[in-house]
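In case you want the letters, here they are:
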Amino acid sequence: MERVARRRNHENENGYSKEKDKDPEFTHRESVLTVLMNESLHIKAIYHIFVAILIMLFLDTVIYDIVERGKLNVGIASVVYGFGDIKRAFKIWLFELTVALIFYPGLRIYAATRKLVKKSAVSCQLLSAVGVICLILLQICLIGVPCWELGRKHLAVGSSVAVTCEMFRYAMKICAVAVDCIPRCHNDQRPLPPFQHYLYFLFAPTLIYRDSYPRTKKIRWGMVLFHFSEVAAVVFYNCFLWERFILPYWSDYGKKPQVEAGTVVRGMFACVLPGLLSFLCGFYCLLHAWLNAFAEIMTFGDRLFYEDWWTKSRYSNYYRAWNRVVSSWLRDYIFRPITPLAGRPLAYVTVFFVSSVAHEVILALGFGFFYPVLLIQFGVMGVMLLPLTATAGKRFPSIFNMFMWLSFFIGTGMLWSLYPMEYFARKNCPPSENDSFFIPKSWSCPKIVLKPNWKFENPFHLNIE
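## Description of the confidence of the model for the protein chain
Looking at the protein chain as a whole, the pLDDT averages 85, with 92% of positions reaching at least 70. Averaged pLDDT values for the elements of the protein chain fall to 42 in helix H1 (residues 2-13) and rise to 95 in helix H8 (residues 195-203). For the stretch residues 1-21, pLDDT sits under 50, and the model shows 28 contacts to residues farther than four places along the chain or on other chains.

Rendered as structure tokens:
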């Protein structure tokens, strides 16, 4: 009871409304890590330990570079290169925003025209068909033009990922508004939202449309600055991990016609820990720091952007808890509409297919090649692991929580190995007439061979003389 009282007092001190929210999807809530760090000194100490580890790794590289080479190599070059050509990226983002803004006057025009022809059933049906076609064309324009532009001329990885994520974000928001507001044009029971609210929704940290959301009374600018500084630190640190752990193993990949299998295996295992660190830092950067900063700016009261996914033992629970912003959209606009028509299994497969394709498009446009590692991990292995952990994860939660973390280690290690291998193979290997956006070059260059005179020996055979 004391903990609940402290939490309510904390919410009131930060300007939260005392009214009880009726919408079960949105209510006044803090993020899980925010609550844990406010209520538990142990969790806050773990946060400090994690930061201290990152600082020690950073100091290790700084001191080594100064002593060994007399210069610093701490990720700044990768930040500048990764977010290069900002002007072109801003133009693409501005186009995406313009398309998203065009939807609102189109919705108003559709509603006004519907009122004029509402007495004619044929005209209403024709108008509905025209409205659906226009909505589809708008979404095709929103997604197709940036994809074509990024495919035509490659943009830096960080800039490309940012504009591609924004592309999908706007497409999902338009879909959410269309599902909620187009029926209003037919029955006139509820008015359309004003443009100010539509504009607010475009930048609010949610993909589920509502006419109103829980709001805070004030903006804590100190908190905004703190979260944005965390975002900058994580971006910088991920670039540091790239230069410190990835480049030494893979930057020369493809410069020689052959590479020993042992070198590849050693590099892949060396990428496991930095890959997991990047995975955790990416989660914290996007789903905690970035979304909380924007929620504070937009006075958005519901900060539950994720749940305690790190404690889950079933993949179904993990996928729902990892990113509630996206999983809620997939649930409301794909899973629930498909389930009555095709059943739950097909609905699950469709959700995984859509999500995995979107993730793969982001990586393909970011790196400049199609290499479906994440697509297979998420869209194939992810689906297969759902029934595997559905019952066993419930009966043996500790064992399968450990199994999930082991899969995170393996999965992130593969991602941080295979994509750099392909990236540097395309950069270092000689050009070929068979080079293609869709065919991985690392499969043919360089050639992976075993050591000369290599042979397998039975490890259980003991030579005793």
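## As for the layout of surface pockets
Space inside the second largest pocket adds up to approximately 880 Å³. As for the second largest pocket, its lining consists of 26 residues, and the residues nearest its centre are Ile 46, Tyr 47, Phe 50, Leu 280 and Tyr 284. Element by element, the count of residues in the lining of the second largest pocket is highest for helix H3 (residues 41-69), at ten residues. In terms of residue class, the lining of the second largest pocket is made up of 24 nonpolar, one polar and one charged.

## What about empty space enclosed by the protein?
Scanning the model with the defined rule gives one cavity of 30 Å³ or more in all. Estimated volume of the largest cavity: approximately 120 Å³. Glu 25, Phe 26, Thr 206, Leu 304 and Arg 324 are, among the 13 residues lining the largest cavity, the residues nearest its centre. When grouped by side-chain class, the residues that make up the lining of the largest cavity number eight nonpolar, two polar and three charged.

## Let's talk about the side chain of Glu 230
Tracing the sequence through the fold places Glu 230 in helix H9 (residues 221-250). Buried and unpaired, Glu 230 has Lys 44 as its nearest opposite-charge partner, separated by 10 Å. In this structure the side chain of Glu 230 is engaged in a polar contact, spanning 2.9 Å, whose partner is the side chain of Tyr 47. Every residue in contact with Glu 230, bar those within four places of it in the chain, is listed here: Tyr 47, Tyr 284 and Ala 289.

## Description of the packing of H9 against helix H16 (residues 397-428)
Helix packing geometry: the angle between the two helix axes and the distance between the axes. As a packed pair, H9 and H16 sit with axes 11 Å apart at the nearest point and diverge in direction by 65°. The angle between the axes of H9 and H16 places the two elements in the roughly perpendicular class. Note that H9 runs across H16; the crossing there is right-handed. Of the residues in H16, those in contact with Asn 238, Leu 241, Trp 242, Ile 246, Leu 247 and Trp 250 of H9 are Trp 416, Ser 417, Pro 420, Met 421 and Phe 424. Tallied by class, residues from the contact of H9 with H16 come to nine nonpolar, two polar and no charged.

## Some details on the state of the cysteines
A covalent bond between the sulfur atoms of two cysteines is referred to as a disulfide. Enumeration over the complete set of coordinates arrives at one disulfide. Paired through a disulfide, Cys 429 and Cys 445 show a sulfur-sulfur distance of 2.0 Å. The S-S bond linking Cys 429 to Cys 445 shows a torsion near -100°; that makes this disulfide left-handed. You can see Cys 429 sitting in the loop between H16 and strand E2 (447-449) and its partner Cys 445 sitting in the loop between H16 and E2, a full 16 residues away along the chain.

## What about unusual backbone geometry?
In the segment running from Cys 445 into Pro 446, the intervening peptide bond is cis, with an omega of -5°. Tracing the backbone through its elements, the reader meets Pro 446 in the loop between H16 and E2. Although it is not a glycine, Thr 299 sits at a positive phi angle of roughly 50°. Among the secondary structure elements, Thr 299 is positioned in the loop between helix H11 (272-297) and helix H12 (315-322).

## Observations concerning the packing of H3 against H11
Orientation of H3 relative to H11, taken along the N-to-C sense of each, is 125°, at an axis distance of 13 Å. Our classification of the angle between H3 and H11 gives oblique. Where H3 crosses over H11, the handedness of that crossing is left-handed. Counting all contacts with H3, which are made through Tyr 47, Phe 50, Leu 54 and Leu 57, the residues of H11 involved are Leu 277, Leu 280, Cys 281 and Tyr 284. Residue composition of the contact of H3 with H11, by class: eight nonpolar, no polar and no charged.

## Section: the nonpolar core
Grouped together as the largest cluster of nonpolar side chains are 95 residues, with contacts concentrated most on Phe 103, Val 177, Tyr 198, Trp 250, Tyr 253, Tyr 318 and Trp 329. Looking at this core element by element, the count peaks at eleven residues for H11. If near-sequence neighbours (up to four positions away) are discounted, Trp 329 is found in contact with Met 172, Cys 175, Ala 176, Leu 207, Ile 208 and Ile 334. Ala 89, Ile 92, Leu 150 and Val 163 belong to the second largest nonpolar core, which has six residues in total.

## So, the environment of Asn 187
Here Asn 187 shows up in helix H7 (residues 157-187). By relative accessible area, which is 39% here, Asn 187 ends up partly exposed. Considered as a pair, Asn 187 and Ser 160 are 27 residues apart in the sequence and their alpha carbons are 42 Å apart.

How each quantity is defined
Residues numbered from 1 in each chain as written. Predicted model: local features only at pLDDT ≥ 70, side-chain atom pairs only at ≥ 80, totals over all residues. Heavy atoms only, no water. pLDDT = per-residue confidence, 0-100. Helix = DSSP H or I, 4+ residues; strand = E, 2+ residues; numbered from the N terminus. Contact = heavy atoms within 4.5 Å. 1 Å grid on protein atoms, 1.4 Å probe; cavity = no way out; pocket = protein on both sides within 12 Å on 5 of 7 lines; lining within 4 Å. Points joined across faces, edges and corners; volume = space filled by probe spheres on them. Nonpolar A, V, L, I, M, F, W, Y, C, P; charged D, E, K, R; others polar. Buried < 20%, exposed > 50% of the residue type's maximum accessible area, 1.4 Å probe, protein only. Lys, Arg positive; Asp, Glu negative; His and termini not counted. Salt bridge = Lys/Arg side-chain N within 4 Å of Asp/Glu carboxyl O. Polar contact = N/O pair within 3.5 Å; in protein donor to acceptor, adjacent residues only side chain to side chain. Axes fitted to C-alpha atoms, helices over the stretch in contact; angles between N-to-C directions. Parallel < 35°, antiparallel > 145°, perpendicular 65-115°, else oblique. Left-handed = near helix turned anticlockwise from the far one by under 90°. Disulfide = S-S within 2.5 Å. Core = buried A, V, L, I, M, F, W, Y, C linked by side-chain atoms within 4.5 Å.

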